[in-house]
Amino acid sequence: MEKKIKRFQRLATLQKRDISKNVANSNLLETEIVKNKKLISQIDDIMDNSKIDGSQNIINSGFFKNNAQLLSTLQSQKNIASNRNNYLLNEQKIVKKKIIVNRLKKIKAEEKTNEYKLIYSNELEKKSYN
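What counts, and where the lines are drawn
- Residues numbered from 1 in each chain as written.
- Predicted model: local features only at pLDDT ≥ 70, side-chain atom pairs only at ≥ 80, totals over all residues.
- Heavy atoms only, no water.
- Helix = DSSP H or I, 4+ residues; strand = E, 2+ residues; numbered from the N terminus.
- Buried < 20%, exposed > 50% of the residue type's maximum accessible area, 1.4 Å probe, protein only.
- Contact = heavy atoms within 4.5 Å.
- Patch = residues over 30% accessible without salt bridge, like charges linked within 9 Å, V, L, I, M, F, W, Y side chains within 5 Å.
- Areas by Shrake-Rupley, 256 points an atom, 1.4 Å probe, with all protein chains shown as cover.
- Salt bridge = Lys/Arg side-chain N within 4 Å of Asp/Glu carboxyl O.
- Lys, Arg positive; Asp, Glu negative; His and termini not counted.
- Charge placed at Lys NZ, Arg CZ, Asp CG, Glu CD.

Draft legend 1. Looking closely at the overall build of the chain. Within the chain, the secondary structure is distributed over 2 helices and 0 strands. Here the chain, with 130 residues, has 20% of them falling under the buried criterion. Counting only contacts in the chain whose residues sit at least 6 apart along the sequence, the fraction spanning at least 24 positions is 90%.

The structure is reproduced here in structure tokens:
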């Protein structure tokens with residue numbers, strides 16, 4: 001009986017450790033998501049500022065080419081950042097699900113530990129009365 005109690009106590013401890021790791025991973029993902037959102041907004045700002053004014057009648061061809069190339073590069077960087085952001089959001093959902101599952105497992109292990117402790121203490125009382 002003592003072995004079962006210890007086993008479930010160790011199981012609860014392992015689940016607790018897994019929860020801590022997943023919470024740390026979730027926090028890291030959250031900071032990366034915030035950084036990514038800032039990057040996307042900065043790229044949007046740069047793209048908005050580098051658009052050609054319609055008020056100019058004559059546009060230098062070199063300026064137009066460089067500007068078009070800049071906008072193309074920025075758009076591809078924005079696409080990459082958006083894809084990364086979607087990936088990070090999906091990973092964060094997965095980590096949060098793992099946290100919930102591990103918490104449930106930890107609670108079950110603690111309940112089993114308490115159940116076996118109660119049974120063990122009842123057995124000890126019965127032995128002491130006999």
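Draft legend 2. A positive patch on the surface, seen in detail. On the surface, Lys 4, Lys 6, Arg 7, Arg 10 and Lys 112 cluster together into a positively charged patch. No other element matches helix α1 (residues 2-49), which puts 4 residues into the positive patch. Summarising the element assignment, Lys 6 is placed in helix α1.

Draft legend 3. Local environment of the pattern of salt bridges. This model, assessed by the stated rule, comprises 5 salt bridges. With a closest N to O distance of 3.9 Å, Arg 17 and Asp 18 form a salt bridge. Take Arg 17: its relative accessible area is 45%, and that puts it in the partly exposed class. Among the ionic pairs, Lys 35 bridges to Glu 32, the shortest N-O distance being 3.6 Å. Remark: Glu 32 and Lys 35 occur in helix α1; sequence separation between them is 3 residues, near one turn of the helix. Residue classification places Lys 35 among the exposed residues on the basis of a relative accessible area of 52%. Salt bridges sharing common partners tie together Glu 32, Lys 35 and Arg 84.

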